[in-house]
Structure formats: structure tokens, C-alpha cells
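Residue strings, one per chain:
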Number of protein chains: 2
Amino acid sequence: MARLYHVPLSPFCRKVRLVLAEKKIEVDLVEERYWEREMDFLRRNPAGKVPVLKIDDLTLAESTPICEYLEETRPEPRLIPQDAAGRHEVRRLVCWFDDKFHQEVTSKLLYERVNKKITKSGYPDSSAVKAGSKAIKYHLDYMGWLLDQRRWLAGDAMTLADFSAAAHFSALDYISDVDWNRVPAVRDWYAKIKSRPAFRNILADQVPGFPPPQHYADLDF
Amino acid sequence: MARLYHVPLSPFCRKVRLVLAEKKIEVDLVEERYWEREMDFLRRNPAGKVPVLKIDDLTLAESTPICEYLEETRPEPRLIPQDAAGRHEVRRLVCWFDDKFHQEVTSKLLYERVNKKITKSGYPDSSAVKAGSKAIKYHLDYMGWLLDQRRWLAGDAMTLADFSAAAHFSALDYISDVDWNRVPAVRDWYAKIKSRPAFRNILADQVPGFPPPQHYADLDF
């Protein structure tokens, strides 16, 4: 069976978990305390990061390359369309969330408030938290603008771009950092993706010391 | 003709320029002062970043998605192999350089010493420069380890991973921040890739206020 080394609230690990579940690939989940940089783990991935996926006798690292591998070897259901322009739009938005949103929002809210405590690497920087709370509004508005023109973020079909975004939003929702009332179209989009069977496992996550809010696992949030 | 909005020393723009040149796609280069966030530019890419490529009546953003688009629409010469495991290894290493190396080295050396001056956003932080100078040694050693087993970084053929790495190294070499004597295998690799016709345009770059060192454009550096 495939084995995924992961951390529960990591948006990059969550993206891979969503893709694995959507494609109905069974996987053993192993929590990895990557910040302790244990030698066995560094042998699996010299970058010292999660996710790491063992599958098909290979050890794969980096979340988007892992998802591209799964798409190429298990194409059903398709999460990246087949035309070049559509493929680019999906990948552009995956970068938007994993690079820009990650830097401006996730790292400033989730990492300051949760990761620093778990990895015992300091206290939340309140100016970072404030910047993250401000930036998420701009991103919600951009997503609302996309969803005014499309059923899903990258077009009329659900794609890896939606899973990338949902992975970040679900991790932020775990600590109640999303104002779902700001943009109704984004709330509806999240309700749709959250109700997929692939999401169940993620909604059952429990991080010691950080109980999720009531609405986190509620499909009618 | 295709048009690339770029900044000369940006490793992400250089990666796209190398891929365009290797695939013999003619392109107009337009320098973009992205930090001034001009409205026309934000309309082209709401992320406010370079590179942006106009091609085939599309406006493409994000360097790796742009390169994947070029590979899919202009497959000759191939820069990503055809087997799924080989494709993953190329993409993993592209992430290594564009994410890990960028964060630990490029942003700490190039951005502190050059970008801050060009964009008038402050003075170099000497502790960042020191951390970058230390981290590049570890990366050179990792590349040496890869090149002990392979002719190119991701295998026995030259791929996008080599262009991604060479884009970062060429930008750092412009400010003499690479110790080419540390790992002979990396020096030989860089000499090989630097002598390709695709590299010529990059070796002719001139950034006002930052004249390149003598060895920068020298193929026998």
C-alpha cells in the first residue's frame, strides 16, 4: 500500500491527501515530526519537508510534482484538463495558492499561531498575524471574481486548483481564520468541495492542544 | 511574435528565457518594473510578478506552468522526459531550486544585495547575506552528490531541472556569489550548460549600477 509521511494541518500534505482520496488510492498516513530532522526522514527527502509519498517502489517529494505523478499514473478522475491552455490555468492557480497565498496568508496566520507552538520555535508575531488577516480579504475577493465567471476556480470542472485552495482554506478554517460571510460565492464553493467524500478524512483531523471549532467538520457551516 | 515581460536577473524569468531559446521560440523581451505595480501590468498578471508570457493569444504567468505549457505545445527538444518517474524527478528538482534554493540562497544573496537597491526598498541585511553564503555550500555539495551519479541533475539527459538550477546560479554568478572551486563536478556542469547557444542572451545582460565580473560571460571561467 502507498504510504504518506505528513503533518495534519500542512496545506501541502492536505492537497496530496485530497488527490489520493479523490482518485481512490488507499494510503497509510504516517505523521512526521519534520522539525526534528530525524536521519531516516532526511534520507527519504533531503529537503527535510513533508509531504513524502512512497508508492510504486518510488519515494516522491514536493506536493505538486506528487500530484502530477498521480495524475499521470492514475488519470481517473481527471484533476488536470487535457488542453494546454486549461492545464496552464490549473497550474497557475496551484502556484497562486501554494506560493502567493501561502506566503501572504497561510504562513502569517497558521504558522504563526499553530506551527510555532507545535515546533516550540517562538511566539506569534502579532504584526504578521495582522498582515495575514488583511491579505486573506484580497484573496477572497479574487476568488469571488473567478467564481463569478466559472463554476470552479480554474474553469467549469473541479481541478487540482480547487484542491490546492481548499487545502489552505481547510487548514485556516481549523483555527477559525476564514470569514465565510465576506464572499458568498467562495462560501458556496467551499461547501461544495467540503461535502465530497475525499474531504472526510481531513475533517476528522485532531491536533493536540488545538481543538477545532464546532463548524469545522459541519457541512452546513 | 511571443512577448516576455521580465526582469534581467530574476532566476524565474531566466528559466523561461532559457527554455524559449532552447526550443528556438523567438520572443520580444520587455523589461517590467514589477515593483511599481503599474495597472497595465496587474491586468496581465494579478499576482504582480514576472515572468509573464504572451503567446498563442494567451497571457501566461508563473514560471514552471509557463515551461510546462511550452513543453506541451513545442515538445522539441524535450526538456521533461516521458516516463512518470523521470518526470517526477525533474519536477522535484525544479521545486528544489525554485523553492528551497530560492528561499535559502537566492533571496538572501541576490535580493539583499541587488533587488533592494534597484527597488529602493532598503539596505542589505548582513545576517541574511551570511546565512545565504553558508547555505549555498550545502546546495553545491548536494548537486555534487547528484552529479556523481548522473550526467545532468535529474538523470542522463539535460532537462528543465538543469535550466532551473542554471537560472539561479547564473544570476548569483553575475554578482560573483558562487565559489566555483568548491565542487568540480558542479563547475563542469555549469561550463557545459553555459556554453549552449540558449545561454548567450543571458550572458549579455547588463544591469545598470551592477557591472558583471570579468568571468561572468567567459565560457572558460
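None of these values were measured; they are calculated from a predicted model. (Residues numbered from 1 in each chain as written. Chains lettered and ligands numbered in written order. Predicted model: local features only at pLDDT ≥ 70, side-chain atom pairs only at ≥ 80, totals over all residues. Heavy atoms only, no water.)

Here we take up the packing of helix 5 (residues 126–149) of chain B against helix 7 (residues 184–194) of chain B. Helix-helix packing is characterised by the crossing angle of the two axes and by the distance between the axes. All names here are of chain B. Packing of helix 5 against helix 7 leaves a shortest axis separation of 8 Å and a crossing angle of 80 degrees. Between helix 5 and helix 7, the angle is such that the two are roughly perpendicular. Residues L140, M143, G144 and L147 of helix 5 form the contact with helix 7, whose participating residues are A185, V186 and W189. Its residues assigned to classes, the contact of helix 5 with helix 7 shows six nonpolar, one polar and no charged. (Axes fitted to C-alpha atoms, helices over the stretch in contact; angles between N-to-C directions. Helix = DSSP H or I, 4+ residues; strand = E, 2+ residues; numbered from the N terminus. Parallel < 35°, antiparallel > 145°, perpendicular 65-115°, else oblique. Contact = heavy atoms within 4.5 Å. Nonpolar A, V, L, I, M, F, W, Y, C, P; charged D, E, K, R; others polar.)

What follows concerns the side chain of H139 of chain B. All names here are of chain B. Residue position: H139 is located in helix 5. Engagement of the side chain of H139 in a polar contact is seen with the side chain of E104, the distance being 2.8 Å. Here H139 is in contact with W96, K100, F101, E104 and V105, once residues within four sequence places are set aside. (Polar contact = N/O pair within 3.5 Å; in protein donor to acceptor, adjacent residues only side chain to side chain.)

Looking now at unusual backbone geometry. The omega angle of the peptide bond from V50 of chain A to P51 of chain A is 0 degrees, so this bond is cis rather than trans. Examined against the element boundaries, P51 of chain A turns out to sit in the loop between helix 2 (39–44) and strand 3 (52–55). With an omega of -15 degrees, the peptide bond running from E76 of chain B to P77 of chain B counts as cis. With respect to the secondary-structure elements, P77 of chain B resides in the loop between helix 3 (63–73) and helix 4 (84–118). Phi at D56 of chain B is positive, roughly 55 degrees, even though this residue is not glycine. Secondary-structure assignment places D56 of chain B in the loop between strand 3 (52–55) and strand 4 (58–61). Unusually for a residue other than glycine, E62 of chain B sits at a positive phi of about 75 degrees. Positionally, E62 of chain B belongs in the loop between strand 4 and helix 3. E62 of chain B sits in the buried class, given a relative accessible area of 9%. (Buried < 20%, exposed > 50% of the residue type's maximum accessible area, 1.4 Å probe, protein only.)

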